[in-house]
Amino acid sequence: MDKKSIIAATAKKYAIITVGCIIYSFGVALFLDAYALASGGLTGIAIMISYLAHGKIGTGWLILIFNIPLFILGAVFFGKRFIISTLFATAASSGLIELWTYTLLQFMPNTENILIPAVVGGALYGAGLGLVFRAGSTTGGTDIIVKLLRKRFRHLRTGIISMIIDIIIIGASGFIYKDMELLFYTTLSVIIFTAFFDWVLYGGNSAKLVYIVTTTENKNAICDGILKELDISATVIDGKGAYTGNERAVIMCAIKNFLYPRLRDIVRNVDHNAFTIVTSAKEIYGEGYKDHNAEDL
């Protein structure tokens, strides 16, 4: 990769991280922290401690301080490049949380319905953090612990590991706040966070895996439609009906969710008797999808 490409890739990475930090900090400062919703992670711990200190210590500053030992741990296991981007993301998000707390928060309308900040805050928190992770970085804290666990337990999704850690932290918040209603809304915000985090982190890589069992006479017409109208590829497998013994063609293709209705139209127009199996493909590696050398998220 030439120098210009490296600079462009780095600029794109840090632009995504910055946008993620802005969204994340909005969710924390204007919704979660403002209503004492300790929705997991180091952020949740910082919110609880700030609450116990009656707001004398800012949540953003606490996040920055608690991250110092975790930065050292991350440097050992992930290297200098990871730590530089994580330092940037942590400093940016922590600074923005403090900035919004002292500027925008005073203009936010108050609500007695904690459902609104729980849902909106959890969604912004998850979406922002998902963008940071997609860029190959984290905002520090338990995110580093999550990445370490992912190295050991690669079959577990990042959002699930985060949720397990968050459940432990939420349990602790129940003892601190002694408020069942607040505990319920905090739990809800974590569920919303997990859904949005996984959606942003994995959404671009998920698709449908489709198997189309058709006659050998119709396979070319279906394949032509897939190649020309959808501009994707497919694999044809020769098969035979177990009962009839007739020759069959099995067309297998991975397709983006938004293109699937058009694929159905192609199959229906060519062979309305085709046997079609559709399943979800959470991760796909290869042309048009993730690179085989890409880091596991």
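The rules behind each value
Residues numbered from 1 in each chain as written. Predicted model: local features only at pLDDT ≥ 70, side-chain atom pairs only at ≥ 80, totals over all residues. Heavy atoms only, no water. Helix = DSSP H or I, 4+ residues; strand = E, 2+ residues; numbered from the N terminus. Areas by Shrake-Rupley, 256 points an atom, 1.4 Å probe, with all protein chains shown as cover. Lys, Arg positive; Asp, Glu negative; His and termini not counted. Charge placed at Lys NZ, Arg CZ, Asp CG, Glu CD. Pairing = 2+ DSSP bridges. Axes fitted to C-alpha atoms, helices over the stretch in contact; angles between N-to-C directions. Phe/Tyr/Trp six-rings, centres within 6.5 Å; stacked < 30°, edge-to-face > 60°. Buried < 20%, exposed > 50% of the residue type's maximum accessible area, 1.4 Å probe, protein only. Lys NZ or Arg CZ within 6 Å of the ring centre and 35° of its normal. Polar contact = N/O pair within 3.5 Å; in protein donor to acceptor, adjacent residues only side chain to side chain. Contact = heavy atoms within 4.5 Å. Parallel < 35°, antiparallel > 145°, perpendicular 65-115°, else oblique. Nonpolar A, V, L, I, M, F, W, Y, C, P; charged D, E, K, R; others polar. Core = buried A, V, L, I, M, F, W, Y, C linked by side-chain atoms within 4.5 Å.

Secondary structure summary: the chain contains 10 helices and four strands in total. Ordered by position from the N terminus, the helices and strands of the chain form the series α-α-α-α-α-α-α-α-β-α-β-β-α-β. Counting only C-alpha atoms and orienting by the principal axes, one finds that the chain spans roughly 75 × 50 × 35 Å. Per element, the accessible surface of the chain, about 15,900 Å² overall, is 64% carbon and sulfur. Once the 26 positive and 22 negative side-chain charges of the chain are each reduced to a mean point, those two points are 6 Å apart.

Turning next to the sheet that holds strand β4 (residues 275-281). Taken together, the four strands give an open sheet; going across it, the order is β2-β3-β1-β4, and neighbouring strands pair in antiparallel fashion. Lying at the two open borders of the sheet, with one neighbouring strand each, are β2 (235-240) and β4. Between one strand and the next, the sheet's axes are offset by a mean angle of 20°, whatever the strand orientation. As paired strands, strand β1 (residues 207-215) and strand β3 (residues 247-255) are joined by eight bridges and run antiparallel to one another.

Another aspect to go through is the packing of aromatic side chains. In the structure shown here, the tally under the stated rule is eight aromatic pairs. Consider the rings of Phe-26 and Trp-100, whose centres lie 4.9 Å apart with planes at 25°: the pair is stacked. Remark: Trp-100 occurs in helix α4 (residues 80-102) and Phe-26 occurs in helix α1 (residues 3-32); sequence separation between them is 74 residues. Residue classification places Phe-26 among the partly exposed positions, given a relative accessible area of 27%. Classification of Trp-100 by relative accessible area gives buried; the value is 14%. Arranged with centres 5.2 Å apart and planes meeting at 70°, the rings of Phe-184 and Tyr-185 form a pair that is edge-to-face. Clustering of aromatic rings is evident, with ring pairs tying together Tyr-24, Tyr-125, Phe-133, Phe-193 and Phe-197. The ring of Tyr-260 has Lys-208 lying over it, and the distance from NZ or CZ to the ring centre is 5.6 Å.

Mapped onto the elements, Ser-93 comes out in helix α4. Here Ser-93 falls in the buried class, since its relative accessible area comes to 1%. One polar contact links the side chain of Ser-93 to the main-chain carbonyl oxygen of Ala-89, over a distance of 2.8 Å. Within polar-contact distance, the side chain of Ser-93 engages the backbone oxygen of Thr-90 at 3.2 Å. If we skip the residues at most four places from it in the chain, Ser-93 touches Cys-21, Tyr-24, Ser-25 and Thr-139.

Attention now moves to the packing of helix α3 (residues 59-78) against α4. Contact geometry for α3 and α4: axes closest at 10 Å, N-to-C directions at 175°. In this view, α3 runs roughly antiparallel relative to α4, as classed from their interaxial angle. Across from Thr-59, Gly-60, Trp-61, Ile-63, Leu-64, Asn-67, Phe-71, Gly-74, Ala-75 and Phe-78 in α3, the residues of α4 making contact are Lys-80, Phe-82, Ile-83, Thr-86, Leu-87, Thr-90, Ala-91, Ser-94, Ile-97 and Glu-98. The residue makeup of the contact of α3 with α4, split by class, is 11 nonpolar, seven polar and two charged.

Glancing now at the nonpolar core. The nonpolar side chains of soluble globular proteins are, as a tendency, buried together. Ranked by size, the top nonpolar core spans 39 residues in total, and within it Leu-37, Tyr-125 and Tyr-177 carry the most contacts. Sorting the residues of this core by element identifies α1, α2 (41-52), α3, α4, α5 (115-134), α7 (158-177) and α8 (180-202) as the ones contributing at least two each. Setting aside residues no more than four positions away along its own chain, Tyr-177 makes contact with Ala-36, Ala-38, Ile-47, Met-48, Tyr-51 and Leu-182. Listed in part, the 16 residues of the second largest apolar core include Val-210, Ile-222, Ile-251 and Ile-266.

Turning our attention to the environment of Phe-82. With respect to the secondary-structure elements, Phe-82 resides in helix α4. Excluding anything up to four places from it in sequence, Phe-82 contacts Gly-74, Gly-136, Thr-138, Ile-144 and Lys-147.

With respect to the element layout, Asn-67 can be found in helix α3. Look at Asn-67 and you get buried, because its relative accessible area is 0%. Setting aside its immediate chain neighbours within four residues, Asn-67 contacts Leu-42, Thr-90, Thr-139, Gly-140 and Gly-141.

The subject of this paragraph is unusual backbone geometry. Within the chain, Ala-36 stands out as a residue other than glycine whose phi angle is a positive 55°. Looking at where Ala-36 falls in the secondary structure, it is placed in the loop between α1 and α2. Backbone geometry at Asp-231 places phi at a positive 55°, although glycine is not the residue there. Summarising the element assignment, Asp-231 is placed in the loop between α9 (219-229) and β2.

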